[in-house]
Amino acid sequence: MPTVHAYAAQNASSPLAPFQIERREVGEGDVQLEILYSGVCHSDIHQARSEWGPALYPMVPGHEIVGRVTAVGERVGRFQVGDLAGVGVMVDSCQHCDSCAEGLEQYCENGHTTTYNSREKPSGNLTFGGYSTSIVVREEFVLSVPGSLDLKAVAPLLCAGITMYSPLRNWKIGPGHRIGVVGLGGLGHMGIKLAAAMGAEVTLFTTSASKADDALRLGAHHVVVSSDRAAMKSARSSFDFILSTVPTSHDLNPYLGTLRREGHLVIVGAIDPVGVHGGVLIAQRRSVAGSNIGGLAETQEMLDFCARHGIVADIELIAMQDINAAYERMVKNDVKYRFVIDMASLKGEQAAD
Ligand code: NAP
Ligand code: ZN
C-alpha cells in the first residue's frame, strides 16, 4: 500500500506531528487525489481532542479537501487524471437505504463513513483525512471543483459551505425571509454569503462587536451583538429562521425569543443546548432543529451555485507546520475566517526528510 506523508494526533492531548500513513491501492471505482489545500474546521479540533467522546487514533484530521486527480480506477467515469476535485466530510455510505436513495448520504441509515475518525468498510482500516499529501476515495464521494474559483478558498466550501447551504435550502430560504446567523467563524461567514446570495435579509448575531464591519462587508444587512440586551430585546419576534454555528453549549432561549411565529432555530454544533424553555417554543409554535452537512448531489449543487455567484471563503493560508498554533487561535476566536493549509508545505517537509 502506498505510504503517504501526513500530520496526525496520537491521542486527545498530543499536538499534531508528522506521521506516515498507508492509503489503499486505487480500486476500480476509486479516484486518487494529490491534495493541494485542506481547510481547518472546528470539528477537526473537537475530534482531535476527543471532545465528542473517545476518538480513533492516530487521527489525521481534515475534511475540506481540494486536489488534482492523479489516478482513476477502470470503472470511474466522471473524472480523469488532471481534473480538479474535492472531498468533504464523507467518503462512503451504504448506497441502498432510503436516505442514500434520496441523496441524503449524511443521514445514511447504516451509518456513513467519515473522511477521518472512522473505519473503512469492509476492511476496518482507519480513515485518514486531508492533512496529508494524497487520498483515495470512491468516485461517488468525489466532487467536481469549478476551475473558475480561487482553489485555496474553495476548500472550506466542502464542509463549512455545504453545512450552511443545506439547511438554507431545506427550509427554502430566499427573498422576503429575515434570517439570523449566529457566530461569525468559518461556518457563519459562509452562512452570511450564501443566504445573502439567495436573497434573504441577513442579520449576524455575534459575541464580537469588532466583527460588525466584516459582517456587513460579507453581505449581512444588520448586526446584533448578543451581549447587548437592548438590541436583543428589539430583535424579538422578528426572524423567520436562525442558523446557529456556536461550537459550545450556551443558552438558546435569547435567540429563540427573536423568532417569529413558526420560526426555526437550526443548530449545527454538536452541543448540549442549555435549558431550552418550553414556554418560548409553545408561545409562537417555534422549533429547534439540527442539520448535518449535506448530501453529495447537494454539495455539487452548492459548488456550482458558488461558481455562479463567485462565492468562496475568506481564508488565511498556513503551512502544515503551523497547525497547532492555528488550533489555539481558533479556540481563542482569532481567525478570519477559515485557516486553509497549503499542502505544498507538507510536500516540502517530505522532500527534506
Ligand atoms: P469557528 O470558526 O470556531 O466559529 C465559531 C464561531 O462561534 C466563533 O467565530 C464565534 O463567533 C462564535 N462563538 C465561539 N464561541 C462562542 C460562545 N461560547 N458563545 C457564543 N458564540 C461563540 O467554528 P466553525 O468551524 O464555524 O464550526 C462551528 C461549529 O459547527 C463547531 O461546533 C463545528 O464542530 C460544527 N460543525 C457542524 C457541522 C454539521 O454538519 N452539523 C459541520 C461543520 C462544523 P462570534 O465571534 O461572531 O460570536
Ligand atoms: Zn467541518
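See above for the structure.
Residues numbered from 1 in each chain as written. Chains lettered and ligands numbered in written order. Predicted model: local features only at pLDDT ≥ 70, side-chain atom pairs only at ≥ 80, totals over all residues. Heavy atoms only, no water.

Draft legend 1. Representation of the overall build of the chain in the model. Each helix and strand counted, the chain has 12 helices and 17 strands in total. The globule rule puts the C-alpha radius of gyration for 353 residues at 20 Å, and the 20 Å found for the chain is close to it. Seen through its principal axes, the chain has C-alpha atoms that stretch 60 × 40 × 40 Å. Put simply, 66% of the contacts in the chain that link residues at least 6 apart link residues at least 24 apart. With the model as given, the accessible surface of the chain reaches about 14,400 Å², and the carbon-plus-sulfur share is 50%. Averaging the coordinates of the 29 positive side-chain charges in the chain and doing the same for the 38 negative ones gives two points 9 Å apart. (Helix = DSSP H or I, 4+ residues; strand = E, 2+ residues; numbered from the N terminus. Rg over C-alpha atoms; globule rule 2.2 N^0.38 Å. Contact = heavy atoms within 4.5 Å. Areas by Shrake-Rupley, 256 points an atom, 1.4 Å probe, with all protein chains shown as cover. Lys, Arg positive; Asp, Glu negative; His and termini not counted. Charge placed at Lys NZ, Arg CZ, Asp CG, Glu CD.)

Draft legend 2. Molecular detail of unusual backbone geometry. Pro58 follows Tyr57 through a cis peptide bond whose omega is -5°. Within the element layout of this structure, Pro58 appears in the loop between helix H1 (42–48) and strand E4 (65–72). Lys121 connects to Pro122 through a cis peptide bond whose omega is 0°. Summarising the element assignment, Pro122 is placed in the loop between strand E7 (113–114) and strand E8 (134–138). The phi angle at Lys172 is positive, at roughly 55°, despite the residue not being glycine. You will see that Ser237, though not glycine, has its phi angle at about 50°, which is positive. Position of Ser237 among the secondary structure elements: in the loop between helix H7 (229–234) and strand E13 (239–244).

Draft legend 3. Fine view of the site of ligand 1. Taken together, 27 residues sit near ligand 1, with His42, Thr206, Thr207, Ser208 and Arg338 positioned nearest. Relative to its free-state accessible area of 930 Å², ligand 1 is covered by the protein chains to the extent of 88%. Elements with a contribution of two residues or more to the shell around ligand 1: H1 and helix H5 (186–197). With three residues, the single largest contributor to the shell around ligand 1 is H1. Of the residues belonging to the shell around ligand 1, the class tally is nine nonpolar, 16 polar and two charged. Residues from two domains meet in the shell around ligand 1; each of domain 1 (3–159 + 294–352) and domain 2 (161–290) gives at least three. (Near = heavy atom within 4 Å. Nonpolar A, V, L, I, M, F, W, Y, C, P; charged D, E, K, R; others polar. Domains from an automatic or database assignment.)

Draft legend 4. Structural view of the packing of aromatic side chains. Enumeration over the complete set of coordinates arrives at four aromatic pairs. Considering the side-chain rings of Trp171 and Phe241, the 5.7 Å spacing of their centres and the 40° angle between planes classify their relative orientation as tilted. Placement of Trp171 in the loop between helix H4 (160–170) and strand E10 (178–182) and of Phe241 in strand E13 is noted, with a sequence separation of 70 residues between them. Residue Trp171 is classed as partly exposed on the basis of its relative accessible area of 23%. Assessed through its relative accessible area of 1%, Phe241 is described here as buried. Aromatic rings pair up to connect Phe205, Phe239 and Tyr255 into one cluster. A cation over an aromatic ring shows up here: Arg178 above the ring of Phe239, its NZ or CZ 5.5 Å from the ring centre. (Phe/Tyr/Trp six-rings, centres within 6.5 Å; stacked < 30°, edge-to-face > 60°. Buried < 20%, exposed > 50% of the residue type's maximum accessible area, 1.4 Å probe, protein only. Lys NZ or Arg CZ within 6 Å of the ring centre and 35° of its normal.)

Draft legend 5. Looking closely at the coordination of the zinc ion (ligand 2). Here the zinc ion (ligand 2) is held by the protein donor atoms Cys41 (SG), His63 (NE2) and Cys159 (SG), which lie 2.0 to 2.2 Å from it. For the zinc ion (ligand 2), all donor residues lie on one chain, and their spacing in sequence is C-x21-H-x95-C. Note that His63 is positioned in the loop between H1 and E4 and Cys159 in the loop between helix H3 (151–154) and H4, a separation of 96 residues in sequence. (Donors = N, O, S within 2.8 Å, 3.2 Å for Na, K, Ca; no water.)

Draft legend 6. Representation of helix H10 (residues 296–309) in the model. Given a rise of 1.5 Å per residue, 14 residues ought to cover 20 Å, and the 20 Å separating the end C-alpha atoms of H10 matches this to within 8%. Residues Leu296, Glu298, Thr299, Gln300, Met302, Leu303, Phe305 and Cys306 constitute the buried set of H10. Phi for Gly310, located one or two positions after H10, is positive at around 65°. (Expected span 1.5 Å × (residues − 1).)

Draft legend 7. Quick peek at H5. Between its terminal C-alpha atoms H5 stretches 17 Å, which fits the 16 Å expected from 12 residues at 1.5 Å a residue. Of all 12 residues in H5, 10 are buried, a share of seventy percent or more. Within the sequence span of H5, burial applies to Gly186, Leu187, Gly188, His189, Met190, Gly191, Ile192, Lys193, Leu194 and Ala195. Taken together, the buried residues of H5 touch H4, E10, strand E11 (201–206), helix H6 (212–218), H10 and strand E17 (338–342). Residue Gly199 follows H5 closely and has a positive phi angle near 100°.

Draft legend 8. Local environment of the environment of Met302. Tracing the chain through its elements places Met302 in helix H10. Considering only alpha carbons, one finds Met302 and Leu194, 108 residues apart in sequence, at a separation of 9.2 Å. Residues contacting Met302, with those up to four places away along its chain left out, are Leu157, Gly161, Ile162 and Tyr165.

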